[in-house]
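# Working through the structure, step by step
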Amino acid sequence: EILSYFNDQGILKLDEFKAKEIAIVEKNAKFAKLKNGEYRFLDKTFMSPITTLIYGNKVIFFIWTEPYFAISIENKQLKDAQEEYFTLLWKIAKK
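So, here is what we can say about the structure in this document. (Residues numbered from 1 in each chain as written. Predicted model: local features only at pLDDT ≥ 70, side-chain atom pairs only at ≥ 80, totals over all residues. Heavy atoms only, no water.)

### So, the side chain of Gln82
Relative to the elements of secondary structure, Gln82 occurs in helix α2 (residues 76-92). Overall, the relative accessible area of 18% leaves Gln82 in the buried class. Those residues in contact with Gln82, other than ones at most four positions away along the chain, are Thr52, Ile54, Val59 and Phe61. (Helix = DSSP H or I, 4+ residues; strand = E, 2+ residues; numbered from the N terminus. Buried < 20%, exposed > 50% of the residue type's maximum accessible area, 1.4 Å probe, protein only. Contact = heavy atoms within 4.5 Å.)

### Some remarks on the environment of Thr51
Inspection of the secondary structure puts Thr51 in strand β3 (residues 50-55). C-alpha of Thr51 to C-alpha of Ile63: the two residues are twelve residues apart in sequence and 6.7 Å apart in space. Other than its neighbours up to four places away in sequence, Thr51 contacts Ile60, Phe61, Phe62 and Trp64. A distance of 2.6 Å separates polar atoms of two side chains, one belonging to Thr51 and the other to Trp64. (Polar contact = N/O pair within 3.5 Å; in protein donor to acceptor, adjacent residues only side chain to side chain.)

### What to know about the packing of aromatic side chains
For the coordinates displayed, the defined rule picks out four aromatic pairs. On the basis of an interplanar angle of 55 degrees and a centroid distance of 6.3 Å, the ring pair of Phe31 and Phe41 is categorised as tilted. Residue Phe31 is found in the loop between β1 (21-26) and β2 (37-42), and its partner Phe41 is found in strand β2; the two are separated by ten residues along the sequence. Taken together, a centroid distance of 5.9 Å and an interplanar angle of 20 degrees make the contact between Phe62 and Trp64 stacked. For Phe62, a relative accessible area of 25% puts it in the partly exposed group. Among the aromatic residues, ring-to-ring pairing joins Phe31, Tyr39 and Phe41 into one connected group. (Phe/Tyr/Trp six-rings, centres within 6.5 Å; stacked < 30°, edge-to-face > 60°.)

### Side note on the pairing of strand β5 (residues 69-74)
Relative to β5, strand β4 (residues 58-63) runs antiparallel, the two sharing six bridges. Across the sheet, residue Ile63 finds its bridge partner in β5, namely Phe69. Counted between consecutive antiparallel strands, the loop separating β4 from β5 contains five residues. (Pairing = 2+ DSSP bridges.)

### Description of the pattern of salt bridges
Applying the stated criterion across every chain, the model contains four salt bridges. Here Lys76 ties to Asp80 by a salt bridge, and the two come within 2.9 Å at their closest N and O atoms. One end of the pair, Lys76, and the other, Asp80, are both in helix α2, four residues apart, so they sit about a helical turn from each other. Looking at Asp80, the relative accessible area reads 24%, which means it is partly exposed. As a salt-bridge pair, Asp80 and Lys79 come within 3.0 Å of each other at their nearest N and O atoms. Taking the relative accessible area as the measure of exposure, Lys79 reaches 11% and is therefore buried. What you see here is one network of salt bridges that share partners, running through Lys76, Lys79, Asp80 and Glu83. (Salt bridge = Lys/Arg side-chain N within 4 Å of Asp/Glu carboxyl O.)

So this is what it looks like as structure tokens:
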């Protein structure tokens, strides 16, 4: 319930700031989309309870199981590796 509220409020703020999101989402999942978002979908077998956010040279891992927490790492090599992994998944994901 708290996560749902956080997600809804976060989407409203991100849309307000015209943020852009490129995301791979579980097929058939219900989620709030950004107005400036681009989404592709993968089967559940490829998905994880961890969300990865990449911006600048930072990578943030959000763990969505209790206890909830996030890990932020600023490292160009890690950022580059995570972007490469995302690009591979993006190529096999469905529109």
